[in-house]
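# Fold and geometry: a report
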Amino acid sequence: QVTLKESGPGILQPSQTLSLTCSFSGFSLSTYGMCVGWIRQSSGKGLEWLANIWWNDDKYYNPSLKNRLTISKDTSNNQAFLKITNMDTADTATYYCARSGVTTDFDYWGQGVMVTVSS
Amino acid sequence: DVVLTQTPSTLSATIGQSVSISCRSSQSLLDSAGNTYLYWYLQRPGQSPQLLIYLVSNLGSGVPNRFSGSGSGTDFTLKISGVEAEDLGVYYCMQATHAPRTFGGGTKLELK
């Protein structure tokens with residue numbers, strides 16, 4: 001059974017760095033073709049893909065967030081991480097992590113973690 | 001970035017009715033290897049999105065066969081043959097052919 005769960009600070013101030021953790025089970029990020037991605041959703045709005053990290057440590061980022069994103073993984077502990085620097089109120093959203101395989105993008109999602117940026 | 005335009009933005013249906021949602025892309029989603037990376041997701045109220053359809057027309061694991069996907073190039077359709085109450089929510093298409101991945105704006109399915 002594949003499960004994912006996000007964790008994060010809940011609230012932070014503008015200009016701070018957001019650190020998110022995705023803890024998962026039921027698959028391994030050392031297995032060929034596996035990937036974990038991060039997607040966010042602002043309140044009442046649509047979905048925005050942020051970044052992916054693959055089993056071979058290939059990383060892909062959404063250029064719209066320029067150089068603010070860093071994705072990483074800890075294969076031994078079945079975790080993936082996302083850091084976003086210089087957070088702004090516009091980054092207030094629910095952040096999801098999701099698994100992808102070779103053909104099935106985001107076939108399992110976490111419950112999401114709400115992050116509020118406020119002074 | 002590839003823009004995915006979903007229509008309609010809101011869809012009212014009765015239980016048992018068949019409905020279709022359109023997803024139109026600003027660029028062809030057919031890649032040089034002949035693959036089309038177009039996906040459909042359903043986000044029920046208060047829940048995370050769930051995968052319905054992958055690679056245009058393949059049913060996700062555990063997804064009822066009243067859902068079907070079709071299309072090619074720039075025009076894609078999700079059809080629900082006989083809406084059930086559990087199908088209510090917001091439907092999103094997503095493309096992964098061109099970087100970055102992008103989602104459509106969503107179609108809200110509600111009860112008439």
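Before reading on, note that the structure itself is shown above.
Right, let's walk through the structure included here.

Reading guide: rules and limits
Residues numbered from 1 in each chain as written. Chains lettered and ligands numbered in written order. Predicted model: local features only at pLDDT ≥ 70, side-chain atom pairs only at ≥ 80, totals over all residues. Heavy atoms only, no water. Helix = DSSP H or I, 4+ residues; strand = E, 2+ residues; numbered from the N terminus. Rg over C-alpha atoms; globule rule 2.2 N^0.38 Å. Buried < 20%, exposed > 50% of the residue type's maximum accessible area, 1.4 Å probe, protein only. Contact = heavy atoms within 4.5 Å. Areas by Shrake-Rupley, 256 points an atom, 1.4 Å probe, with all protein chains shown as cover. Lys, Arg positive; Asp, Glu negative; His and termini not counted. Charge placed at Lys NZ, Arg CZ, Asp CG, Glu CD. Buried area = accessible area lost by both parts, 1.4 Å probe. Salt bridge = Lys/Arg side-chain N within 4 Å of Asp/Glu carboxyl O. Polar contact = N/O pair within 3.5 Å; in protein donor to acceptor, adjacent residues only side chain to side chain. Nonpolar A, V, L, I, M, F, W, Y, C, P; charged D, E, K, R; others polar. Phe/Tyr/Trp six-rings, centres within 6.5 Å; stacked < 30°, edge-to-face > 60°. Core = buried A, V, L, I, M, F, W, Y, C linked by side-chain atoms within 4.5 Å. Pairing = 2+ DSSP bridges.

## Observations regarding the overall build of chain B
Of the regular secondary structure elements, chain B holds zero helices and eleven strands. For chain B, the succession of helices and strands along the chain, N to C, is β-β-β-β-β-β-β-β-β-β-β. Its C-alpha atoms give chain B a radius of gyration of 13 Å, near enough to 13 Å, the size a compact globule of 112 residues would have. Along the three orthogonal principal directions, the C-alpha set of chain B runs to about 40 × 25 × 25 Å. Put simply, chain B has 112 residues, and 46% of those count as buried. The contacts in chain B between residues at least 6 apart in sequence include a share of 53% that link residues at least 24 apart. About 5000 Å² of surface is accessible on chain B, with carbon and sulfur atoms providing 46% of the total. Distance from the positive charge centre (7 side chains) to the negative charge centre (7 side chains) of chain B: 4 Å.

## Some thoughts on the interface of chain A and chain B
One frequent convention defines the size of an interface as the accessible area lost when the parts assemble. Contacts between the two partners involve 21 residues from chain A and, on the opposite side, 15 residues from chain B. Across the interface of chain A and chain B, roughly 1500 Å² is buried in total on both sides, 60% from carbon and sulfur atoms. Residue Asp105 of chain A is joined to Arg101 of chain B by a salt bridge in which the shortest nitrogen-to-oxygen separation is 2.5 Å. Joining chain A to chain B, the criterion identifies seven residue pairs in polar contact (both at pLDDT 80 or more). Contributions of two or more residues to the side of chain A that touches chain B are made by β4 (35-41) and β5 (47-54) of chain A. With five residues, β5 of chain A is the single largest residue contributor to the side of chain A that touches chain B. Of the residues that constitute the side of chain A that touches chain B, the class distribution is eight nonpolar, nine polar and four charged.

## Points about the packing of aromatic side chains
Applying the stated criterion across every chain, the model contains eight aromatic pairs over all chains. When the centroid spacing of 4.4 Å and the interplanar angle of 15° are considered together, the rings of Phe24 of chain A and Phe27 of chain A count as stacked. You'll find Phe24 of chain A and Phe27 of chain A in the same group, each marked buried. In textbook terms, an aromatic cluster arises when at least three aromatic residues are bridged by ring pairs, as seen for Tyr96, Phe106 and Trp109 of chain A together with Tyr41 and Phe103 of chain B.

## As for the nonpolar core
Counting residues in each nonpolar core, the largest one holds 28 residues, and the members touching the most others are Val36, Leu82 and Tyr95 of chain A. Leu11, Val19, Ile21 and Val56 of chain B belong to the second largest nonpolar core, which has 23 residues in total.

## What about the environment of Gly33 of chain A?
Residues and elements named next belong to chain A. Mapped onto the elements, Gly33 comes out in the loop between β3 (18-25) and β4. On the basis of relative accessible area, Gly33 is assigned to the buried category, the value being 2%. For the pair Gly33 and Gly110, spaced 77 residues apart in sequence, the C-alpha separation works out to 19 Å. In this structure Gly33 touches Trp54, Trp55, Ser100, Gly101 and Val102, once residues within four positions along its chain are discounted.

## A short note on unusual backbone geometry
Of the consecutive residues Thr7 of chain B and Pro8 of chain B, the connecting peptide bond is found in the cis state with omega at -5°. Structurally, Pro8 of chain B can be placed in the loop between β1 (4-7) and β2 (10-13). At Asp57 of chain A, a residue that is not glycine, the phi angle is positive and equals roughly 75°. On the secondary structure map, Asp57 of chain A appears in the loop between β5 and β6 (59-61). In this structure, Asn78 of chain A takes a positive phi of about 55° despite not being glycine.

## Considering the pairing of β2 of chain B
Residues and elements named next belong to chain B. Alternating positions in β2 separate cleanly, Leu11 and Ala13 being buried on one face and Thr10 and Ser12 remaining unburied on the opposite face. The pairing of β2 with strand β11 (residues 107-111) spans four bridges and is classified as parallel. Among the inter-strand pairings, Ala13 is bridged to a residue of β11, identified as Leu111.

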